[in-house]
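Chain residues, written in single-letter form:
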Amino acid sequence: MSRIHCPRCHRPQSHCLCPLIPSLDSRTRVLLLQHPSEVNHALNTARLAALGLNNAELIVGEVFEDLPGLLNQPGYQARLLFPGEEAQPMHAYAPSEDPLLLVVPDGTWRKARKLLHLNPLLAALPRVTLAAGSVSRYRLRKAPGPGALSTVEAVVQALQTLEAPTCFEPLLRPFEALIEGQIAAMGEEVFRRNHAEK
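No experiment lies behind these values; they were computed from the predicted model shown. (Residues numbered from 1 in each chain as written. Predicted model: local features only at pLDDT ≥ 70, side-chain atom pairs only at ≥ 80, totals over all residues. Heavy atoms only, no water.)

Caption draft 1: Focus on the pattern of salt bridges. Taken as a whole and assessed by the stated rule, the structure comprises two salt bridges. Across the pair Arg29 and Glu57 runs a salt bridge whose closest N-O atoms are separated by 3.1 Å. A residue pair is termed long-range when its members are at least 10 positions apart, and Arg29 in strand E1 (residues 29–34) and Glu57 in strand E2 (residues 56–60) qualify at 28 residues. Residue classification places Arg29 among the buried residues on the basis of a relative accessible area of 16%. Ionic pairing is found between Lys114 and Glu62, a salt bridge with its closest N-O pair at 3.1 Å. Highlighted residues: Lys114 in helix H3 (residues 109–118) and Glu62 in the loop between E2 and helix H2 (67–71), separated in sequence by 52 residues. (Salt bridge = Lys/Arg side-chain N within 4 Å of Asp/Glu carboxyl O. Helix = DSSP H or I, 4+ residues; strand = E, 2+ residues; numbered from the N terminus. Buried < 20%, exposed > 50% of the residue type's maximum accessible area, 1.4 Å probe, protein only.)

Structure below.
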């Protein structure tokens, strides 16, 4: 007998996160391109970001046929949030500056690189990057390196940089509840043994 899931947040009805998901406005438009392997992941943080931001869109796929239309949004300058030698650190908007259409690939690093490989238009976008030294609150997954954040954390940090002093921290509330719920489900002892800092 499968559990009933919330149609909005896709969590089991008994663990629905919708009451914690905010409804935040942003100058920046966020386009989340999610690899299909992430859709049914228990910690689908891209979905939480898309639900909590009014100016965000989540599209699932590997090859995005309508990418030219998605990237060409009047009044926005498209940038890819992805590290690379050419990536520019983000800064707060100047008053007259067009806001960004921030394109965020969602998946493991390998899957995200595959999305770029399969969508040359995506790979050709100017890249922006987050400030170095960010620490993830994602205590259930071993980060591949320093500064590796979950998708929702990366989006929050990007928006707080671009739109300072506006606060986007409420986007992290459902994410933190999700992690607490996972830890509670596995039991504190198992969590400490497998995930706590050594």
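Caption draft 2: How the structure looks around the sheet that holds E2. Taken together, six strands build an open sheet; the order of strands is E2-E1-E5-E3-E6-E4 and the sheet is parallel. A strand with exactly one partner marks an edge of an open sheet, and here the two such strands are E2 and strand E4 (88–89). Relative to strand E5 (residues 100–106), E1 is paired through six bridges, and the arrangement is parallel. The residue of E5 that forms the bridge with Leu31 is Val103. Contacts between H3 and the sheet are confined to E1, strand E3 (77–81), E5 and strand E6 (127–129), with E5 contributing the most and set at about 120° to the helix. (Pairing = 2+ DSSP bridges. Contact = heavy atoms within 4.5 Å. Axes fitted to C-alpha atoms, helices over the stretch in contact; angles between N-to-C directions.)

Caption draft 3: Structural detail: the side chain of Thr45. Counting through the fold element by element, Thr45 comes out in helix H1 (residues 45–52). From its side chain, Thr45 meets the backbone nitrogen of Thr151 in a polar contact 3.3 Å long. (Polar contact = N/O pair within 3.5 Å; in protein donor to acceptor, adjacent residues only side chain to side chain.)

Caption draft 4: The side chain of Ser26, seen in detail. With respect to the helices and strands, the residue Ser26 is situated in the segment before E1. A relative accessible area of 14% places Ser26 in the buried class. Of note is the side chain of Ser26, whose polar atom sits 2.7 Å from the backbone oxygen of Thr28. Setting aside anything within four residues of it in sequence, one finds Ser26 in contact with Leu53, Asn55, Leu159, Glu163 and Phe168.

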